[in-house]
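Structural overview for review
The lines below spell out each chain.
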Amino acid sequence: IQLNASWNDYKEKFTLIDYSKYSKHERAQILSGNTRKLLSALDSTLNLDEVSKPIYALALSRLKRKVVSDLALHYNLRIDGRNLHEIRELRAVVGILPNPVHGSAIFGRGESQVLATCTNGIPESSLQIDSSYKYIPHPSNIQMDSNRLQVAYEFPFWCTGESELEAKRSSGYSRREIGHGMMIQNALKQIVPNGKIQYQDLITQNPRNPSRQQFPLHTHLHNLVTSSDGSTSMASVCASSLALMNAGVPVPYHIAGIAIGLMKRSDSVDETQGKTEDSQRGTENYVLLSDINGLEDHCGSMDMKVCANGKGGIFCIQLGINDQSGITLEMFENGMKLASNLIKTQIIPFMNTHIEFPNALSDHSPRLHCIEVEPLLMPLLTSQQRLQLRRIETESNTKCTLLSENHILIASHNFYSLQQAIESIRKLTGEVYIGETFHGTVQSISNFGAFIEIFPGRLGLLHSSENVSKKSLQIGQQVDVIVTEYDPIQGSIKLKLSKHHQNQ
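Here we summarise the structure given alongside this text. None of these values were measured; they are calculated from a predicted model.

**What to know about the overall build of the chain**
Scanning the chain from terminus to terminus reveals 12 helices and 19 strands. A buried classification covers 47% of the 504 residues belonging to the chain. By sequence separation, contacts in the chain at least 24 residues apart represent 68% of the contacts at least 6 residues apart. With an accessible surface of roughly 25300 Å², the chain has 51% of that area assigned to carbon and sulfur atoms.

**What to know about the sheet that holds strand β16 (residues 449-455)**
Strand order around the closed barrel formed by five strands is β15-β16-β17-β19-β18, with mixed pairing between neighbours. Across the sheet, the axes of successive neighbouring strands diverge by a mean angle of 50°, strand direction being ignored. Across five bridges, the pairing between strand β15 (residues 437-446) and strand β18 (residues 478-487) is antiparallel. Note on β18: the bridge partner recorded for Phe 438 is Val 481.

**Brief notes about the sheet that holds strand β13 (residues 398-402)**
The strand order β12-β14-β13 describes an open sheet built from three strands, whose pairing is antiparallel. The open sheet has two edge strands, β12 (367-372) and β13, and neither has a second partner. When the angles between neighbouring strand axes are averaged without regard to direction, this sheet yields 20°. Judged from the six bridges that link them, β12 and strand β14 (residues 407-412) form a sheet pairing that is antiparallel. Bridging across to β14, Glu 372 finds its partner in His 407. Sheet contacts for helix α11 (residues 415-429): β12, β13 and β14; angle to β12, the most-contacted strand, approximately 15°.

**Things to note about the pattern of salt bridges**
With the rule as written, the count across this model stands at 12 salt bridges. Between Asp 80 and Arg 82 there is a salt bridge, with its nearest N and O atoms 2.9 Å apart. In the salt-bridge network here, residues are joined through shared partners; they are Arg 78, Asp 80, Arg 82, Arg 88, Arg 109, Asp 229, Asp 291 and Glu 296.

**Some thoughts on unusual backbone geometry**
Here Asn 99 and Pro 100 are connected by a cis peptide whose omega angle stands at 10°. Non-glycine residue Ser 231 carries a positive phi angle of around 60°. Structurally, Ser 231 is set in the loop between β7 (218-227) and α7 (232-246). Judged by its relative accessible area of 10%, Ser 231 falls in the buried class.

**Considerations on the nonpolar core**
With 80 residues, the main nonpolar core has Phe 107 and Ile 347 as its most contacted residues. Among the elements that take part in this core, helix α9 (residues 329-354) stands out by supplying 10 residues, more than any other. In this structure Ile 347 touches Ile 87, Leu 90, Phe 107, Arg 109, Cys 238, Ala 256, Gly 257, Ile 258 and Leu 342, once residues within four positions along its chain are discounted. One finds Ile 408, Ala 421, Leu 428 and Val 483 within the second-largest nonpolar core, a separate group that totals 31 residues.

**With respect to the packing of aromatic side chains**
Following the criterion strictly, the structure yields five aromatic pairs and no others. Between Tyr 153 and Phe 155 the ring centres are 6.5 Å apart and the planes differ by 20°, which places this aromatic pair in the stacked class. Across the pair, exposure class does not vary: Tyr 153 and Phe 155 are buried alike.

**Regarding the packing of helix α5 (residues 175-188) against α7**
With their axes 10 Å apart at the nearest point, α5 and α7 run at an angle of 45° to one another. In terms of axis orientation, α5 runs oblique to α7. Of the two possible hands of crossing, α5 and α7 adopt the one that is right-handed. Along its contact with α5, which presents Arg 176, His 180, Met 183, Ile 184 and Leu 188, the element α7 presents Thr 232, Ser 233, Met 234, Ser 236, Val 237, Ser 240 and Leu 244.

**Let's talk about the pairing of strand β6 (residues 149-154)**
By the criterion of burial, β6 is predominantly enclosed, with five of the six residues buried. Pairing of β6 with β7, which is carried by six bridges, proceeds in the parallel orientation. Note that in β7 the partner of Leu 149 across the bridge is Thr 219.

**A look at the side chain of His 254**
Along the polypeptide, His 254 turns up in the loop between α7 and β8 (256-264). A polar atom in the side chain of His 254 sits 2.7 Å from the side chain of Ser 241. In terms of polar contacts, His 254 uses its side chain to reach the backbone carbonyl oxygen of Ile 355, at 2.6 Å. Those residues in contact with His 254 that lie beyond four places of it in its chain are Ser 241, Leu 242, Met 245, Ala 308, Asn 309, Ile 348, Met 351, Asn 352 and Ile 355.

**Considerations on the environment of Ala 243**
Looking at where Ala 243 falls in the secondary structure, it is placed in helix α7. Remark: the alpha-carbon pair of Ala 243 and Val 93, spanning 150 residues in sequence, is separated by 9.8 Å. Other than its neighbours up to four places away in sequence, Ala 243 contacts Gly 103, Ser 104, Ala 105, Ala 116, Cys 118 and Leu 221.

Criteria and cut-off values
Within any chain, residue numbers begin from 1 and follow the written order of that chain's sequence. Only residues with pLDDT of 70 or above have their local features reported here, since the model is predicted, and side-chain atom pairs are shown and tallied only from 80 upward, although totals for entire chains, interfaces and linings are computed over all residues. Neither water nor hydrogens contribute to the side-chain values; these are computed over all heavy atoms in the structure. Secondary structure counts use DSSP, requiring at least four H or I residues in a row for a helix and at least two E residues in a row for a strand, with both numbered from the N terminus. Between buried and exposed lies partly exposed: a residue is buried under 20% and exposed over 50% of the maximum accessible area for its type, with that area taken using a 1.4 Å probe on protein chains only. Any pair of residues with heavy atoms lying within 4.5 Å of one another is described as a contacting pair. Per-residue accessibility takes into account occlusion by the displayed protein chains alone, with areas from the Shrake-Rupley method and a 1.4 Å probe. Following DSSP output, two strands are said to pair if at least two bridges run between them. Fitting a line to C-alpha atoms yields each axis, with helices limited to the stretch in contact; the angle taken between N-to-C directions then spans 0 to 180 degrees. By salt bridge we mean one thing: a side-chain nitrogen of Lys or Arg within 4 Å of a carboxyl oxygen of Asp or Glu. For this analysis, a nonpolar core means a set of buried residues of the types Ala, Val, Leu, Ile, Met, Phe, Trp, Tyr and Cys, connected via side-chain atoms within 4.5 Å. Centres within 6.5 Å make a pair out of two Phe, Tyr or Trp rings, where for Trp the six-membered ring is used; the pair is then stacked when the planes are under 30 degrees apart, edge-to-face when over 60, and tilted otherwise. For classification purposes, an angle smaller than 35 degrees is called roughly parallel, one larger than 145 roughly antiparallel, one from 65 to 115 roughly perpendicular, and anything else oblique. Crossing handedness follows the turn of the near helix against the far one: under a right angle anticlockwise gives a left-handed crossing, and clockwise gives a right-handed one. N or O atoms within 3.5 Å of each other form a polar contact, as long as, within protein, one can give a hydrogen and the other can take it, and as long as residues adjacent in sequence are counted only when both atoms are side-chain atoms.

So, in structure tokens, the structure goes:
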């Protein structure tokens, strides 16, 4: 009671300070310093001993709440000098990290800044969810679920200016980080391709730049908060959307997020005294604040996080209420309208100036492609315990899987490995035409002729009847040969020396 009675004498020292000239940490120091002066003046009256020191902490929190709420309710100002519906300065950099990073972006609002990285992967690298409903006996529950999108949100201790000794933890994800990551994932999964992969679609796709319907990759987003002053989760939504387009993920448009705060009359009125002088000044019962900072989040009655696309679509909402009296439907509706309007008119246009449409898929991004092989030629790959197929996997650093009698699924770490694997399979199983010339290598010599490798894994017989002897050829020798006979069923090839080689 005495603290509130002295508020009228000290409030001018708090509310008339131009806090906009100071940073987050400087504002906190000014508020704490002035509060200590006020408490020192009241110390003799309150007669607080060591046992009653927790009252100081409570008084400090109440005074900060009064400063922030009175600025908004009676002066239409914010603690950082902004108007009620003004957002902080926006900044963004797309593709800030070099290759082989698939996609990256930095997005900042005020002193809050997030670095987002996007990594594409093959289905085997996706997160498998072993949920309880699978154990309900039903034919449709025989497979595990998998998410095509995974999002991680990391809030390190140093992003708030703390040292490792001051931090409560130095490793591991907290419940808050896990919850924010799920919220970002729920918003972005609506635009990321999430249909079931059909290998028939992978046959016709363009492996360099697949369409949205044929996009087979899974996506992992990591959001690292590098500096924090409130609304870092909503900055992560914006940074993730920019990183998705930079990585070549075929998303149709951007999704942005913003946090809306609320200051009510009860925030500046002491419950023990009822109405104060401030409550008789004819002000609004509440005011909404856009893009709240950390202090406004702590002192306000509401933290409404809204993710939208600027076209009327709301993708995710998280509502935190810090007041026991709750909020009214009018407050909720006005908050939603304010968030949607700011995302549509300011944030989305700003993001579009940096990147409006997805880039082509990076050559360093993984690829998943399916090729079709003639069934009669498949034994060339699968015979001898799939020797040739394993050789191709080793040389190209890919993984080849037989889907059917004539389809091979190729998973690679990048586009160049995929090209190498496809070329090797095509050479090994491709049609050979009579009269075609090859530059081959002698692999072995027998009494009835020599075996020439015309391309990796594909051998032809240069028969002794073609005036070939053990003395004229040596293993490893390069020769020019012409196809004389080809049996597509057996895959056998007969060769003869070209005139150029015979003349030599």
